[in-house]
Amino acid sequence: MPDLVALGRTAMDTLDADQLDALALRAAAGDRDALEDLLAAIQPRVRRICGRMLLHPQDAEEATQDALLLVATKIGTFAGRSRFTTWLHAVASNSARSTYRSLKRRASEVAVDELPVHADPRTTSVIAGSRLDLLEALEVLAASSPDLVEPLVLRDIQELDYNEIARLLDTPLGTIKSRIHHARQAIRPLLRVQD
């Protein structure tokens, strides 16, 4: 594998899945240089994943930083059973959902006399079917059926294929398809426009 520092930033953005897998395995084995190169290489990808779920760039950046920190601290758990990018999608998606929950919690903790005149668009949806409505529907689903959320996010938001999701979650393919189907049925009524 070429020295990523010598290649420069744009080359790091173009590493293929095999190169990322090799770099991740080296980092998982304790190679600090590999971990630094890996974090630099994946940052743009993580930002895109978080940006798909969070409307504001600052929120996506917060989720990105949290996801990168999780990768750095949990890389030892990556065993190479699935593609690193598949594992990364799950980490980044969960980080974005966690950031959204944190935004909601912070908004609800503000004292009434400190409330802004206008609603915060990061936690208030004005258009049915927006990412905020989906995130809220995912929170409702997580409360009743937490095992349905991650497969749905990986398929419908992160656009991973069913086989990748099954490998990542170490769950039979038929079970993954069933969970995604049930999750879609459960959140569909939550996303309908109310008259």
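Along each chain, numbering runs from 1 in the same order as the chain's sequence is written. At least 70 in pLDDT is required for a residue's local features to be given in this predicted model, at least 80 for side-chain atom pairs to be given and counted, and no such filter applies to totals for whole chains, interfaces and linings, which use all residues. Side-chain numbers here rest on the full set of heavy atoms in the structure, without hydrogens or water.

Trainee: Outline the pattern of salt bridges, listing residues and values.
Mentor: By salt bridge we mean one thing: a side-chain nitrogen of Lys or Arg within 4 Å of a carboxyl oxygen of Asp or Glu. Here the structure, examined in full by the defined rule, presents seven salt bridges. R184 is paired through a salt bridge with D156; the nearest N and O atoms lie 2.6 Å apart. With R184 in helix α10 (residues 173-187) and D156 in helix α8 (residues 146-157), the pair connects residues that are 28 residues apart, well separated along the chain. Relative accessible area decides the class of each residue, using a 1.4 Å probe on protein chains only: under 20% of the type maximum gives buried, over 50% gives exposed, and in between gives partly exposed. The exposure class of R184 is partly exposed, given its relative accessible area of 28%. Where salt bridges share partners, they join D18, D21 and R83 into one cluster. A run of H or I in DSSP becomes a helix once it reaches four residues, and a run of E becomes a strand once it reaches two; helices and strands are each numbered from the N terminus.

Trainee: Quick one: what's the story with the environment of K74, residue by residue and with numbers?
Mentor: Mapped onto the fold, K74 is located in helix α5 (residues 57-74). Judged by relative accessible area, which is 44%, K74 ranks as partly exposed. In this structure, the C-alpha to C-alpha distance between K74 and A28, residues 46 residues apart in sequence, is 8.4 Å.

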